[in-house]
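This is what each chain is made of:
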Amino acid sequence: FWRMLLYASAHRSRRLIAVSEATRHDLVAFYRLPPARVAVVPHGVDRRMFEIAGARAPEPFLLCVSTLHPHKNLGRLLRAFAALHQQRPDVKLVLAGMKGFSARAVEDLAAELGLSASVRITGWLPREQLYELFRTAWAFVYPSTFEGFGMPVLEAMAAGVPVACSDIRPLRETAGDAALLFDPLNQTALTDALTHLVSDDAGRARLVAAGRERASHFSWRRAAEQTLAVLGTVTAP
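This report concerns the structure included in the present document. (Residues numbered from 1 in each chain as written. Predicted model: local features only at pLDDT ≥ 70, side-chain atom pairs only at ≥ 80, totals over all residues. Heavy atoms only, no water.)

1. Description of the pairing of strand β4 (residues 92-96)
In the case of a regular strand, side chains alternate between the two sheet surfaces. Of all five residues in β4, four are buried, a share of seventy percent or more. Pairing analysis gives five bridges linking strand β3 (residues 61-65) to β4, with the strands arranged parallel. Note on β4: the bridge partner recorded for leucine 63 is valine 94. Taken together, β3, helix α4 (residues 74-87) and β4 constitute a β-α-β crossover, and its handedness is right-handed. The pairing of β4 with strand β5 (residues 119-123) spans four bridges and is parallel. Across the sheet, the residue bridging to alanine 96 is glycine 123, located in β5. With helix α5 (residues 103-112) bridging β4 and its parallel neighbour β5, the resulting β-α-β unit is right-handed. (Buried < 20%, exposed > 50% of the residue type's maximum accessible area, 1.4 Å probe, protein only. Helix = DSSP H or I, 4+ residues; strand = E, 2+ residues; numbered from the N terminus. Pairing = 2+ DSSP bridges. Right-handed = clockwise from strand over helix to strand, strands pointing away.)

2. Digging into the layout of surface pockets
Of the volumes computed, that of the largest pocket is approximately 170 Å³. Along the walls of the largest pocket sit 13 residues, with Val65, Ala96, Gly97, Met98 and Trp124 positioned nearest its centre. By residue class, the composition of the lining of the largest pocket is eight nonpolar, four polar and one charged. (1 Å grid on protein atoms, 1.4 Å probe; cavity = no way out; pocket = protein on both sides within 12 Å on 5 of 7 lines; lining within 4 Å. Points joined across faces, edges and corners; volume = space filled by probe spheres on them. Nonpolar A, V, L, I, M, F, W, Y, C, P; charged D, E, K, R; others polar.)

Now the structure itself:
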C-alpha cells in the first residue's frame, strides 16, 4: 500500500524535489517520471557543526552515526574494526543512532567478535550528546550501501572530523574528494580505510581541511532559496 501511495503521489505531483542527483536518477528510473519534472536541492548543514570544528578535542575512537538497519552495513564495519583492533586495541568504535531492524544482529556480532568492551552502541541520543561525539571523535566512518544524501557525512565534515565513507554515488556527491572513499562490499578495503584514519596524521589533516571547505557549500539558506525557486515554477491547477 505504501509503495502504491508513493508511486501515485509522485505521478500526481507537478514538480518533485530530490536531495541529490542520485535520488533524482532513481525517481526517473524506477518511477518512470519525466526528468524535467524532478529538481535537485541538496540539504544544508547545521551551523553548530562548524562551531564544533573550532572546539575539537579528539579521543581514540571512531564514530559512525547511523540507524541500525541492514543497508547501513554495520556488520561488515564490525568485522573490519575487529581486524583493526588486533593492531590497535586502544581504539574504540561508537555506533550512535536509533536501534533499527538489525540492532540485535549488530549487538550479537559485536559480542561474537569479542568487541563488547571496545564497541559502544548508544541507541538514540539527544542532539547535544551527538554534538559532543562529533567534537571528540578521532575520525568518522560511514559504510552504508544505499543513501539518498548522506547527512551524517556532511555533518562530520563540517565539524572538522576526518571522514571515510562508501564509494557510492550519493556519498560521492556529498563528499566529493573531501573523504576517503572505499568499496562498502569489500571488507579489506574497509579495514584499510580504518587503518588510514587512525594512523595517517597527514591524511587526517588533509581530510579535515578539505571536508570543512566542502561542507561550507551546503547551507539551509541556499536550500530554502532553491526550494522557493522550484515552487515558483509550479502553476496552479
